[in-house]
Amino acid sequence: MNITVIGSGYVGLVSGACFAEMGNTVTCVDIDSIKIEKLNQGLIPIFEPGLEHMILKNVKNKNLFFTTNLGEAISDAEIVFIAVGTPMCDDGSADLQYVLAVAKSIGETIVKELVVVDKSTVPVGTADQVKATIQKELDARGSDLQFDVVSNPEFLKEGAAINDFMKPDRVVIGADSEIVFKKMKELYSPFFRSHDRFITMDIRSAEMTKYAANAMLATKISFMNEIANICEKVGADANQVRIGIGSDQRIGYSFIYPGAGYGGACFPKDVKALTKIAKEHGYRAQLITAVEKVNNAQKLVIAQKIIARFGEDLTGFTFGIWGLAFKPGTDDMREAPSIHTIKELVKRGAKIKVYDPKAVVQAKEHYLKGIENITYVTSKYDVLKDSVALILLTEWKEFRSPNFEEIKAQLKNSIIFDGRNQYIAYDLENKGFEYYRIGK
Ligand SMILES: NC(=O)c1ccc[n+]([C@@H]2O[C@H](COP(=O)([O-])OP(=O)(O)OC[C@H]3O[C@@H](n4cnc5c(N)ncnc54)[C@H](O)[C@@H]3O)[C@@H](O)[C@H]2O)c1
(Lines give C-alpha, C1' and ligand atoms only; values in the text may rest on other atoms or scores of the structure.)
Protein backbone atom coordinates (compact mmCIF):
# COMPACT_ATOMS: atom_id res chain seq x y z
CA MET A 1 0.00 0.00 0.00
CA ASN A 2 1.01 3.62 -0.48
CA ILE A 3 0.98 5.34 2.86
CA THR A 4 1.72 8.86 4.04
CA VAL A 5 2.51 9.68 7.65
CA ILE A 6 2.23 13.36 8.55
CA GLY A 7 4.36 14.33 11.53
CA SER A 8 7.78 12.68 11.81
CA GLY A 9 8.28 12.61 15.57
CA TYR A 10 8.39 9.59 17.89
CA VAL A 11 5.08 8.18 16.67
CA GLY A 12 5.33 9.21 13.01
CA LEU A 13 8.85 7.89 12.47
CA VAL A 14 8.22 4.60 14.25
CA SER A 15 4.89 4.05 12.44
CA GLY A 16 6.38 5.02 9.07
CA ALA A 17 9.43 2.79 9.50
CA CYS A 18 7.34 -0.20 10.66
CA PHE A 19 4.81 0.13 7.82
CA ALA A 20 7.72 0.31 5.38
CA GLU A 21 9.33 -2.71 7.03
CA MET A 22 6.18 -4.69 6.15
CA GLY A 23 6.63 -3.85 2.47
CA ASN A 24 4.45 -0.77 2.13
CA THR A 25 5.70 2.36 0.39
CA VAL A 26 5.74 5.10 3.00
CA THR A 27 6.35 8.82 2.84
CA CYS A 28 6.90 10.65 6.12
CA VAL A 29 6.10 14.36 6.11
CA ASP A 30 7.10 17.10 8.52
CA ILE A 31 7.00 20.89 8.50
CA ASP A 32 10.39 20.96 10.21
CA SER A 33 12.64 21.26 7.16
CA ILE A 34 15.84 20.75 9.17
CA LYS A 35 14.47 17.47 10.53
CA ILE A 36 13.55 16.28 7.03
CA GLU A 37 16.90 17.38 5.64
CA LYS A 38 18.68 15.40 8.36
CA LEU A 39 16.47 12.35 7.76
CA ASN A 40 17.31 12.50 4.07
CA GLN A 41 20.99 12.51 5.04
CA GLY A 42 20.43 9.39 7.18
CA LEU A 43 20.53 11.28 10.48
CA ILE A 44 17.78 10.14 12.86
CA PRO A 45 16.59 13.00 15.09
CA ILE A 46 15.51 10.87 18.06
CA PHE A 47 16.90 7.89 19.92
CA GLU A 48 14.69 4.83 19.88
CA PRO A 49 16.24 1.34 19.97
CA GLY A 50 16.21 -0.29 16.51
CA LEU A 51 14.73 2.75 14.75
CA GLU A 52 17.87 3.97 13.00
CA HIS A 53 18.62 0.55 11.53
CA MET A 54 15.03 0.12 10.31
CA ILE A 55 14.86 3.58 8.75
CA LEU A 56 18.21 3.31 6.95
CA LYS A 57 17.36 -0.16 5.63
CA ASN A 58 13.99 0.91 4.23
CA VAL A 59 15.35 4.13 2.76
CA LYS A 60 17.98 2.04 0.99
CA ASN A 61 15.25 -0.32 -0.28
CA LYS A 62 13.40 2.72 -1.62
CA ASN A 63 10.19 2.17 0.33
CA LEU A 64 10.63 4.95 2.88
CA PHE A 65 10.84 8.62 1.93
CA PHE A 66 10.93 11.95 3.75
CA THR A 67 9.58 15.26 2.54
CA THR A 68 8.14 18.59 3.62
CA ASN A 69 5.75 18.60 0.66
CA LEU A 70 2.44 17.31 2.02
CA GLY A 71 0.49 17.74 -1.23
CA GLU A 72 2.98 15.70 -3.22
CA ALA A 73 3.18 13.07 -0.47
CA ILE A 74 -0.56 12.43 -0.38
CA SER A 75 -1.13 12.54 -4.14
CA ASP A 76 -0.48 8.80 -4.48
CA ALA A 77 -1.50 7.66 -1.00
CA GLU A 78 -4.38 5.35 -0.10
CA ILE A 79 -4.08 5.97 3.62
CA VAL A 80 -2.79 9.12 5.33
CA PHE A 81 -1.88 9.10 9.01
CA ILE A 82 -1.93 12.24 11.12
CA ALA A 83 0.77 11.82 13.77
CA VAL A 84 1.53 15.40 14.78
CA GLY A 85 1.83 16.56 18.36
CA THR A 86 -1.13 17.44 20.56
CA PRO A 87 0.63 19.32 23.36
CA MET A 88 -1.06 20.76 26.39
CA CYS A 89 -2.67 24.22 26.20
CA ASP A 90 -2.32 26.55 29.20
CA ASP A 91 -5.78 25.49 30.38
CA GLY A 92 -4.83 21.80 30.28
CA SER A 93 -6.77 20.92 27.14
CA ALA A 94 -5.15 19.21 24.14
CA ASP A 95 -3.91 21.74 21.58
CA LEU A 96 -5.45 20.69 18.27
CA GLN A 97 -3.90 23.42 16.13
CA TYR A 98 -1.37 21.05 14.48
CA VAL A 99 -3.94 18.32 13.79
CA LEU A 100 -6.39 20.80 12.27
CA ALA A 101 -3.65 22.53 10.26
CA VAL A 102 -2.82 19.15 8.73
CA ALA A 103 -6.53 18.50 8.05
CA LYS A 104 -6.71 21.85 6.25
CA SER A 105 -3.64 21.03 4.16
CA ILE A 106 -5.15 17.64 3.26
CA GLY A 107 -8.37 19.35 2.18
CA GLU A 108 -6.40 21.82 0.08
CA THR A 109 -4.30 19.22 -1.70
CA ILE A 110 -6.26 15.94 -1.84
CA VAL A 111 -6.64 14.69 -5.44
CA LYS A 112 -8.19 11.25 -4.98
CA GLU A 113 -10.21 9.18 -2.52
CA LEU A 114 -8.40 8.79 0.75
CA VAL A 115 -8.64 7.31 4.23
CA VAL A 116 -7.42 9.87 6.77
CA VAL A 117 -6.34 8.20 10.00
CA ASP A 118 -5.91 10.10 13.22
CA LYS A 119 -3.05 8.52 15.18
CA SER A 120 -2.38 11.55 17.36
CA THR A 121 -3.99 11.40 20.80
CA VAL A 122 -7.01 13.65 20.47
CA PRO A 123 -10.13 14.49 22.47
CA VAL A 124 -13.40 12.76 21.69
CA GLY A 125 -15.05 14.47 18.74
CA THR A 126 -11.81 15.47 16.98
CA ALA A 127 -12.44 13.14 14.04
CA ASP A 128 -15.62 15.15 13.38
CA GLN A 129 -13.57 18.35 13.41
CA VAL A 130 -10.96 16.85 11.07
CA LYS A 131 -13.73 15.72 8.73
CA ALA A 132 -15.40 19.14 8.76
CA THR A 133 -12.07 20.91 8.16
CA ILE A 134 -11.21 18.75 5.13
CA GLN A 135 -14.77 19.03 3.79
CA LYS A 136 -14.69 22.84 4.09
CA GLU A 137 -11.58 22.99 1.90
CA LEU A 138 -13.08 20.58 -0.63
CA ASP A 139 -16.26 22.67 -0.76
CA ALA A 140 -14.17 25.79 -1.35
CA ARG A 141 -12.50 24.00 -4.25
CA GLY A 142 -15.90 22.84 -5.58
CA SER A 143 -14.68 19.25 -5.26
CA ASP A 144 -16.89 16.25 -4.53
CA LEU A 145 -13.98 13.92 -3.65
CA GLN A 146 -14.84 11.27 -1.05
CA PHE A 147 -12.73 10.60 2.02
CA ASP A 148 -13.08 8.78 5.35
CA VAL A 149 -11.76 9.78 8.75
CA VAL A 150 -10.65 7.01 11.10
CA SER A 151 -9.39 6.99 14.68
CA ASN A 152 -6.40 4.69 15.29
CA PRO A 153 -4.87 5.64 18.66
CA GLU A 154 -1.27 4.62 19.19
CA PHE A 155 -0.20 2.65 22.26
CA LEU A 156 3.55 2.32 21.67
CA LYS A 157 5.93 2.90 24.58
CA GLU A 158 9.04 4.99 23.98
CA GLY A 159 12.11 2.85 24.56
CA ALA A 160 10.29 -0.23 23.24
CA ALA A 161 8.39 1.46 20.42
CA ILE A 162 9.54 -0.71 17.52
CA ASN A 163 8.67 -3.91 19.36
CA ASP A 164 5.30 -2.49 20.46
CA PHE A 165 4.46 -1.46 16.92
CA MET A 166 5.64 -4.66 15.28
CA LYS A 167 3.94 -6.89 17.88
CA PRO A 168 1.02 -4.84 19.18
CA ASP A 169 -1.15 -6.03 22.08
CA ARG A 170 -4.03 -4.64 20.06
CA VAL A 171 -4.80 -2.32 17.18
CA VAL A 172 -7.84 -0.17 17.88
CA ILE A 173 -9.73 1.18 14.89
CA GLY A 174 -12.67 3.53 15.20
CA ALA A 175 -14.57 3.98 11.95
CA ASP A 176 -18.08 4.09 10.56
CA SER A 177 -17.71 2.02 7.42
CA GLU A 178 -17.12 -1.68 6.84
CA ILE A 179 -15.00 -0.91 3.78
CA VAL A 180 -12.66 1.20 5.90
CA PHE A 181 -12.40 -1.47 8.61
CA LYS A 182 -11.45 -3.92 5.88
CA LYS A 183 -8.79 -1.63 4.47
CA MET A 184 -7.28 -0.96 7.89
CA LYS A 185 -7.30 -4.67 8.66
CA GLU A 186 -5.45 -5.33 5.42
CA LEU A 187 -2.80 -2.81 6.46
CA TYR A 188 -2.38 -4.17 10.00
CA SER A 189 -2.79 -7.93 9.40
CA PRO A 190 0.95 -8.48 8.82
CA PHE A 191 1.54 -7.24 12.38
CA PHE A 192 -0.46 -10.08 13.96
CA ARG A 193 0.14 -13.27 12.07
CA SER A 194 -0.48 -15.70 14.94
CA HIS A 195 -3.83 -14.37 16.15
CA ASP A 196 -6.06 -11.42 15.51
CA ARG A 197 -5.58 -8.41 17.76
CA PHE A 198 -7.71 -6.07 15.70
CA ILE A 199 -10.40 -4.29 17.73
CA THR A 200 -13.06 -2.32 15.89
CA MET A 201 -15.39 0.21 17.44
CA ASP A 202 -17.07 3.53 16.77
CA ILE A 203 -14.85 6.57 16.32
CA ARG A 204 -15.62 8.29 19.64
CA SER A 205 -14.98 5.12 21.62
CA ALA A 206 -11.61 4.71 19.89
CA GLU A 207 -10.66 8.30 20.74
CA MET A 208 -11.72 7.72 24.35
CA THR A 209 -9.88 4.38 24.59
CA LYS A 210 -6.49 6.08 24.33
CA TYR A 211 -7.23 8.51 27.16
CA ALA A 212 -8.74 5.76 29.31
CA ALA A 213 -5.67 3.55 28.81
CA ASN A 214 -3.21 6.28 29.78
CA ALA A 215 -5.35 7.44 32.71
CA MET A 216 -5.51 3.85 34.01
CA LEU A 217 -1.72 3.42 33.85
CA ALA A 218 -1.11 6.83 35.45
CA THR A 219 -3.61 5.90 38.17
CA LYS A 220 -1.67 2.74 38.99
CA ILE A 221 1.53 4.79 39.33
CA SER A 222 0.00 7.51 41.49
CA PHE A 223 -1.82 4.91 43.58
CA MET A 224 1.42 3.09 44.34
CA ASN A 225 3.26 6.33 45.05
CA GLU A 226 0.56 7.26 47.53
CA ILE A 227 0.79 3.84 49.17
CA ALA A 228 4.60 4.28 49.33
CA ASN A 229 4.23 7.64 51.03
CA ILE A 230 1.86 6.11 53.60
CA CYS A 231 4.31 3.20 54.05
CA GLU A 232 7.00 5.68 55.05
CA LYS A 233 4.75 7.20 57.68
CA VAL A 234 3.64 3.91 59.22
CA GLY A 235 6.99 2.08 59.05
CA ALA A 236 6.06 -0.35 56.29
CA ASP A 237 8.25 -1.11 53.26
CA ALA A 238 6.59 -0.16 49.96
CA ASN A 239 8.70 -2.62 48.05
CA GLN A 240 7.50 -5.54 50.10
CA VAL A 241 3.95 -4.24 49.80
CA ARG A 242 4.42 -4.01 46.02
CA ILE A 243 5.37 -7.66 45.83
CA GLY A 244 2.53 -8.54 48.18
CA ILE A 245 -0.14 -6.89 46.05
CA GLY A 246 1.39 -7.54 42.61
CA SER A 247 1.10 -11.28 43.15
CA ASP A 248 -2.68 -10.87 42.97
CA GLN A 249 -3.45 -11.47 39.30
CA ARG A 250 -6.24 -8.88 39.40
CA ILE A 251 -3.60 -6.26 40.28
CA GLY A 252 -0.43 -7.52 38.56
CA TYR A 253 3.15 -6.34 38.90
CA SER A 254 3.33 -3.77 36.12
CA PHE A 255 3.15 -0.04 36.81
CA ILE A 256 3.21 -0.42 40.60
CA TYR A 257 6.81 0.59 41.28
CA PRO A 258 6.96 3.59 43.58
CA GLY A 259 9.21 6.33 42.20
CA ALA A 260 9.70 9.99 41.49
CA GLY A 261 6.46 10.24 39.49
CA TYR A 262 5.47 9.69 35.89
CA GLY A 263 6.60 11.99 33.08
CA GLY A 264 6.96 11.80 29.32
CA ALA A 265 5.12 13.04 26.29
CA CYS A 266 1.83 11.34 27.10
CA PHE A 267 0.68 10.63 30.66
CA PRO A 268 0.93 14.17 32.07
CA LYS A 269 -0.83 15.86 29.16
CA ASP A 270 -3.36 13.10 28.55
CA VAL A 271 -4.42 12.87 32.21
CA LYS A 272 -4.86 16.63 32.25
CA ALA A 273 -6.72 16.67 28.93
CA LEU A 274 -9.11 13.96 30.14
CA THR A 275 -10.13 15.99 33.19
CA LYS A 276 -10.66 18.94 30.85
CA ILE A 277 -12.71 16.89 28.38
CA ALA A 278 -14.88 15.66 31.27
CA LYS A 279 -15.30 19.21 32.59
CA GLU A 280 -16.34 20.51 29.18
CA HIS A 281 -19.06 17.90 29.22
CA GLY A 282 -20.26 18.84 32.71
CA TYR A 283 -18.49 16.09 34.67
CA ARG A 284 -15.94 16.59 37.44
CA ALA A 285 -13.39 13.79 37.13
CA GLN A 286 -12.31 13.59 40.77
CA LEU A 287 -10.15 10.47 40.64
CA ILE A 288 -8.21 11.53 37.55
CA THR A 289 -7.67 15.01 39.00
CA ALA A 290 -6.23 13.39 42.13
CA VAL A 291 -3.92 11.20 40.02
CA GLU A 292 -2.33 14.33 38.58
CA LYS A 293 -2.09 16.06 41.97
CA VAL A 294 -0.36 13.06 43.53
CA ASN A 295 2.08 12.93 40.63
CA ASN A 296 2.96 16.63 40.81
CA ALA A 297 3.80 16.23 44.48
CA GLN A 298 5.72 13.02 43.85
CA LYS A 299 8.14 14.70 41.45
CA LEU A 300 9.54 16.62 44.41
CA VAL A 301 9.80 13.73 46.86
CA ILE A 302 13.47 13.01 46.15
CA ALA A 303 14.38 16.71 46.51
CA GLN A 304 12.52 16.75 49.82
CA LYS A 305 14.50 13.74 51.05
CA ILE A 306 17.70 15.54 50.10
CA ILE A 307 16.61 18.70 51.90
CA ALA A 308 15.68 16.65 54.98
CA ARG A 309 19.20 15.20 54.97
CA PHE A 310 21.30 18.26 53.99
CA GLY A 311 19.09 21.22 54.99
CA GLU A 312 17.15 23.92 53.13
CA ASP A 313 20.27 25.73 51.93
CA LEU A 314 22.27 23.48 49.62
CA THR A 315 25.00 26.02 48.83
CA GLY A 316 28.38 24.32 48.73
CA PHE A 317 26.99 20.85 48.05
CA THR A 318 27.45 19.01 44.74
CA PHE A 319 25.09 16.16 43.87
CA GLY A 320 25.83 13.46 41.30
CA ILE A 321 22.85 12.38 39.22
CA TRP A 322 22.33 9.27 37.14
CA GLY A 323 19.58 9.70 34.57
CA LEU A 324 17.75 12.56 32.87
CA ALA A 325 15.34 10.85 30.45
CA PHE A 326 11.81 10.33 31.74
CA LYS A 327 12.42 6.61 31.38
CA PRO A 328 15.16 4.34 30.03
CA GLY A 329 15.51 3.59 26.33
CA THR A 330 14.72 7.10 25.14
CA ASP A 331 16.28 10.56 24.94
CA ASP A 332 12.85 12.10 25.65
CA MET A 333 12.84 14.46 28.62
CA ARG A 334 9.35 15.88 28.26
CA GLU A 335 7.95 16.30 31.82
CA ALA A 336 10.77 14.13 33.22
CA PRO A 337 10.97 14.02 37.05
CA SER A 338 14.69 14.82 36.70
CA ILE A 339 13.82 18.37 35.57
CA HIS A 340 11.90 19.05 38.79
CA THR A 341 14.51 17.49 41.07
CA ILE A 342 17.43 19.31 39.44
CA LYS A 343 15.66 22.69 39.36
CA GLU A 344 14.71 22.38 43.03
CA LEU A 345 18.27 21.55 44.07
CA VAL A 346 19.87 24.26 41.93
CA LYS A 347 17.34 26.80 43.25
CA ARG A 348 18.68 26.02 46.71
CA GLY A 349 22.28 26.66 45.72
CA ALA A 350 23.39 23.11 44.89
CA LYS A 351 25.74 22.15 42.08
CA ILE A 352 24.85 19.20 39.87
CA LYS A 353 26.98 16.70 38.00
CA VAL A 354 24.87 14.55 35.73
CA TYR A 355 25.19 11.58 33.41
CA ASP A 356 22.62 10.11 31.06
CA PRO A 357 23.48 7.77 28.18
CA LYS A 358 21.13 9.48 25.69
CA ALA A 359 19.34 12.58 26.97
CA VAL A 360 22.18 15.06 27.56
CA VAL A 361 21.66 16.92 24.26
CA GLN A 362 17.93 17.32 25.02
CA ALA A 363 18.77 18.61 28.50
CA LYS A 364 21.38 21.10 27.29
CA GLU A 365 19.37 22.37 24.33
CA HIS A 366 15.88 22.43 25.83
CA TYR A 367 14.84 21.20 29.23
CA LEU A 368 17.69 22.49 31.41
CA LYS A 369 18.97 25.09 28.97
CA GLY A 370 20.56 28.12 30.57
CA ILE A 371 20.58 26.67 34.08
CA GLU A 372 23.94 27.31 35.64
CA ASN A 373 25.70 24.96 38.03
CA ILE A 374 25.03 21.84 35.98
CA THR A 375 28.00 19.86 34.67
CA TYR A 376 27.32 17.15 32.09
CA VAL A 377 29.74 14.24 32.12
CA THR A 378 30.23 11.34 29.74
CA SER A 379 30.72 8.45 32.15
CA LYS A 380 28.52 7.45 35.05
CA TYR A 381 31.41 7.34 37.53
CA ASP A 382 32.47 10.88 36.60
CA VAL A 383 29.47 12.31 38.51
CA LEU A 384 30.87 10.99 41.78
CA LYS A 385 33.99 13.09 42.40
CA ASP A 386 33.27 16.00 44.78
CA SER A 387 29.61 14.92 45.08
CA VAL A 388 28.09 14.45 48.53
CA ALA A 389 25.49 11.98 47.30
CA LEU A 390 24.43 10.00 44.24
CA ILE A 391 20.85 10.38 43.02
CA LEU A 392 19.28 7.83 40.67
CA LEU A 393 16.48 9.28 38.51
CA THR A 394 16.22 7.03 35.42
CA GLU A 395 16.48 3.26 35.59
CA TRP A 396 18.88 2.69 32.68
CA LYS A 397 20.21 -0.87 32.65
CA GLU A 398 23.81 0.29 33.07
CA PHE A 399 22.92 1.59 36.56
CA ARG A 400 21.53 -1.74 37.71
CA SER A 401 24.75 -3.39 38.73
CA PRO A 402 27.33 -0.67 39.32
CA ASN A 403 30.70 -0.99 40.99
CA PHE A 404 29.74 -0.08 44.55
CA GLU A 405 33.37 -0.05 45.68
CA GLU A 406 34.11 2.66 43.14
CA ILE A 407 31.03 4.63 44.16
CA LYS A 408 32.08 4.42 47.77
CA ALA A 409 35.65 5.38 47.04
CA GLN A 410 34.75 8.43 44.98
CA LEU A 411 31.66 9.89 46.69
CA LYS A 412 32.40 12.36 49.47
CA ASN A 413 29.76 10.69 51.64
CA SER A 414 28.42 7.22 50.92
CA ILE A 415 24.88 8.42 50.36
CA ILE A 416 22.49 7.23 47.65
CA PHE A 417 19.01 8.60 46.91
CA ASP A 418 17.10 6.16 44.77
CA GLY A 419 14.24 7.82 42.88
CA ARG A 420 13.46 4.56 41.12
CA ASN A 421 12.93 2.60 44.29
CA GLN A 422 15.36 -0.19 44.92
CA TYR A 423 16.65 -0.14 41.39
CA ILE A 424 20.20 -0.43 42.59
CA ALA A 425 19.53 -1.63 46.11
CA TYR A 426 21.43 -4.75 46.90
CA ASP A 427 21.70 -4.57 50.62
CA LEU A 428 23.22 -1.12 50.36
CA GLU A 429 22.90 -0.41 54.07
CA ASN A 430 25.05 -3.46 54.79
CA LYS A 431 27.54 -2.27 52.19
CA GLY A 432 27.99 0.82 54.33
CA PHE A 433 25.81 3.22 52.36
CA GLU A 434 23.34 5.68 53.76
CA TYR A 435 20.49 4.72 51.44
CA TYR A 436 17.24 6.61 50.85
CA ARG A 437 14.45 5.41 48.65
CA ILE A 438 10.79 6.12 48.20
CA GLY A 439 8.45 4.15 50.41
CA LYS A 440 10.59 3.14 53.33
N1 LIG B 1 5.52 9.75 22.05
C2 LIG B 1 4.79 8.73 22.46
O3 LIG B 1 5.25 7.85 23.19
C4 LIG B 1 3.35 8.62 22.02
C5 LIG B 1 2.69 7.40 22.18
C6 LIG B 1 1.36 7.30 21.77
C7 LIG B 1 0.71 8.41 21.25
N8 LIG B 1 1.36 9.60 21.14
C9 LIG B 1 0.66 10.73 20.55
O10 LIG B 1 1.08 10.85 19.19
C11 LIG B 1 1.13 12.24 18.81
C12 LIG B 1 2.52 12.58 18.33
O13 LIG B 1 3.41 12.43 19.42
P14 LIG B 1 5.01 12.46 19.21
O15 LIG B 1 5.59 12.12 20.54
O16 LIG B 1 5.37 11.65 18.03
O17 LIG B 1 5.21 14.01 18.89
P18 LIG B 1 6.55 14.75 18.41
O19 LIG B 1 6.49 16.09 19.01
O20 LIG B 1 7.73 13.88 18.65
O21 LIG B 1 6.37 14.86 16.82
C22 LIG B 1 5.39 15.63 16.20
C23 LIG B 1 5.92 16.07 14.84
O24 LIG B 1 4.86 16.69 14.10
C25 LIG B 1 5.45 17.72 13.32
N26 LIG B 1 4.40 18.65 12.86
C27 LIG B 1 3.73 19.59 13.53
N28 LIG B 1 2.86 20.23 12.72
C29 LIG B 1 2.97 19.66 11.51
C30 LIG B 1 2.34 19.88 10.25
N31 LIG B 1 1.41 20.82 10.10
N32 LIG B 1 2.71 19.12 9.20
C33 LIG B 1 3.67 18.19 9.34
N34 LIG B 1 4.30 17.92 10.50
C35 LIG B 1 3.96 18.65 11.57
C36 LIG B 1 6.47 18.35 14.25
O37 LIG B 1 7.42 19.11 13.56
C38 LIG B 1 7.05 17.09 14.91
O39 LIG B 1 8.17 16.60 14.20
C40 LIG B 1 0.67 13.02 20.05
O41 LIG B 1 -0.71 13.24 19.96
C42 LIG B 1 0.97 12.06 21.20
O43 LIG B 1 0.15 12.29 22.31
C44 LIG B 1 2.68 9.72 21.50
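Data block above holds the structure.
Presented here is a report on the structure given in the accompanying data block.

Definitions and cut-offs
- Residues numbered from 1 in each chain as written.
- Predicted model: local features only at pLDDT ≥ 70, side-chain atom pairs only at ≥ 80, totals over all residues.
- Heavy atoms only, no water.
- Buried < 20%, exposed > 50% of the residue type's maximum accessible area, 1.4 Å probe, protein only.
- Helix = DSSP H or I, 4+ residues; strand = E, 2+ residues; numbered from the N terminus.
- Contact = heavy atoms within 4.5 Å.
- Salt bridge = Lys/Arg side-chain N within 4 Å of Asp/Glu carboxyl O.
- Near = heavy atom within 4 Å.
- Polar contact = N/O pair within 3.5 Å; in protein donor to acceptor, adjacent residues only side chain to side chain.
- Areas by Shrake-Rupley, 256 points an atom, 1.4 Å probe, with all protein chains shown as cover.
- Pairing = 2+ DSSP bridges.
- Axes fitted to C-alpha atoms, helices over the stretch in contact; angles between N-to-C directions.
- Expected span 1.5 Å × (residues − 1).
- Phe/Tyr/Trp six-rings, centres within 6.5 Å; stacked < 30°, edge-to-face > 60°.
- Lys NZ or Arg CZ within 6 Å of the ring centre and 35° of its normal.
- Parallel < 35°, antiparallel > 145°, perpendicular 65-115°, else oblique.
- Left-handed = near helix turned anticlockwise from the far one by under 90°.
- Nonpolar A, V, L, I, M, F, W, Y, C, P; charged D, E, K, R; others polar.
- Right-handed = clockwise from strand over helix to strand, strands pointing away.

Another point: helix H14 (residues 337–347). With eight of eleven residues buried, H14 lies mostly within the body of the structure. As for H14, its buried residues are in contact with helix H13 (301–310), strand E9 (318–322), strand E10 (351–355), helix H15 (360–367), strand E11 (374–376) and strand E12 (389–392). Downstream of H14 by a residue or two, Gly349 has a phi angle that is positive, lying close to 95°.

Okay, the pattern of salt bridges next. Tallied over the full model, the rule gives 22 salt bridges. Across the pair Lys276 and Asp91 runs a salt bridge, and its minimum N-O distance is 3.5 Å. You can see Lys276 sitting in helix H11 (residues 267–280) and its partner Asp91 sitting in the loop between strand E4 (79–82) and helix H5 (97–109), a full 185 residues away along the chain. Close ionic contact of Asp128 with Arg204 constitutes a salt bridge, the shortest N to O distance being 3.1 Å. Here Asp128 is found in helix H6 (residues 126–140), whereas its partner Arg204 is found in helix H9 (residues 203–234), with 76 residues between them in sequence. What makes Asp128 partly exposed here is its relative accessible area of 43%.

Moving on: unusual backbone geometry. Not every positive phi belongs to a glycine, and Glu335 is a case in point at roughly 60°. In this structure, Glu335 sits in the loop between E9 and H14. Of note, Asn373 is a non-glycine position whose phi angle comes to about 70°, a positive value. Among the secondary structure elements, Asn373 is positioned in the loop between H15 and E11.

If you check the shell around the ligand, you find 25 residues, and the closest are Asp30, Lys35, Thr86, Glu158 and Lys269. Contact between the ligand and Glu158: a nitrogen atom at 2.7 Å from a side-chain N or O atom of the residue. About the coverage of the ligand: the protein hides 88% of its 830 Å² of free accessible area. Among the elements of the structure, helix H1 (10–21) and H5 are those that each provide at least two residues to the shell around the ligand.

If you walk across this open sheet you meet the six strands as E11-E10-E9-E12-E13-E14, and the pairing is parallel. Pairing within the sheet leaves two strands with one partner each, and these edge strands are E11 and strand E14 (434–437). Strand-to-strand twist across the sheet, computed as the mean angle between neighbouring axes with direction ignored, equals 20°.

If you check H1, its first and last C-alpha atoms are 16 Å apart, about what twelve residues at 1.5 Å a residue would give, namely 16 Å. Considered for burial, the residues of H1 that qualify are Tyr10, Gly12, Leu13, Val14, Ser15, Gly16, Ala17, Cys18, Phe19 and Ala20.

We now examine the packing of aromatic side chains. According to the stated counting rule, one finds 19 aromatic pairs in the structure shown. Plain terms: the ring middles of Tyr188 and Phe191 are 5.8 Å apart, the flat faces sit at 55° to each other, and that makes the pair tilted. Among the aromatic residues, those joined into a ring-pair cluster are Phe19, Phe81, Phe165, Tyr188 and Phe191. Between the NZ or CZ atom of Arg170 and the centre of the ring of Phe155, over which it lies, the distance is 3.6 Å. A cation sits over an aromatic face here: Lys408 above Phe433, 6.0 Å from the ring centre.

This paragraph deals with the packing of H11 against helix H12 (residues 286–298). The interhelical angle for the contact between H11 and H12, taken along N-to-C directions, is 150°, at an axis separation of 9 Å. By the angle class used here, H11 and H12 are roughly antiparallel. H12 is crossed by H11, and the crossing has left-handed handedness. Facing Val271, Lys272, Leu274 and Thr275 of H11, the residues of H12 in contact are Ile288, Thr289 and Glu292.

Glancing now at the packing of H9 against helix H10 (residues 238–246). At a closest axis distance of 9 Å, the pairing of H9 and H10 adopts a crossing angle of 135°. Comparing their axes, H10 and H9 come out oblique. Remark: the crossing between H9 and H10 carries right-handed chirality. Residues Phe223, Met224, Ile227, Ala228 and Cys231 of H9 touch H10, and the partners they reach there are Ala238, Val241, Arg242 and Ile245. Class assignment for the residues of the contact of H9 with H10 results in eight nonpolar, no polar and one charged.

Moving on, we come to the side chain of Thr27. Within the secondary structure layout, Thr27 lies in strand E2 (residues 25–29). Setting aside residues no more than four positions away along its own chain, Thr27 makes contact with Ile3, Thr4, Val5, Phe65, Thr67 and Ala73.

This part covers the environment of Phe66. Inspection of the secondary structure assignment puts Phe66 in strand E3 (residues 64–67). Residues Phe66 and Asn40, 26 residues apart in the sequence, show an inter-C-alpha distance of 6.4 Å. In this structure, Phe66 is in contact with Leu13, Cys28, Ile36, Leu39, Asn40, Ile55 and Val59, ignoring residues within four places of it in sequence.

Now for the pairing of E2. Of all five residues that make up E2, four are buried, and the element is covered over most of its length. The pairing of strand E1 (residues 2–6) with E2 spans five bridges and is classified as parallel. Its bridge partner being in E2, Ile6 is matched across the sheet by Val29. In this region the chain leaves E1, passes through H1 and returns to the parallel neighbour E2; the handedness of that crossover is right-handed.

Turning our eyes to something else, we now look at the pairing of strand E5 (residues 114–118). Within E5, five of the five residues are buried, which leaves it mostly tucked inside the rest of the structure. What you see with E5 is no split at all: Leu114, Val116 and Asp118 on one side and Val115 and Val117 on the other are buried throughout. Where E4 lies against E5, four bridges are found, and the strand directions are parallel. Looking at the pairing, Phe81 lines up with Val117 of E5. In this fold, E4 hands off to H5, which returns the chain to E5; that crossover is right-handed. Alignment of E5 against strand E6 (residues 147–151), held across five bridges, turns out to be parallel. Residue pairing in the sheet places Val117 in a bridge with Val150 of E6. Note on the crossover from E5 through H6 to E6: the handedness is right-handed.

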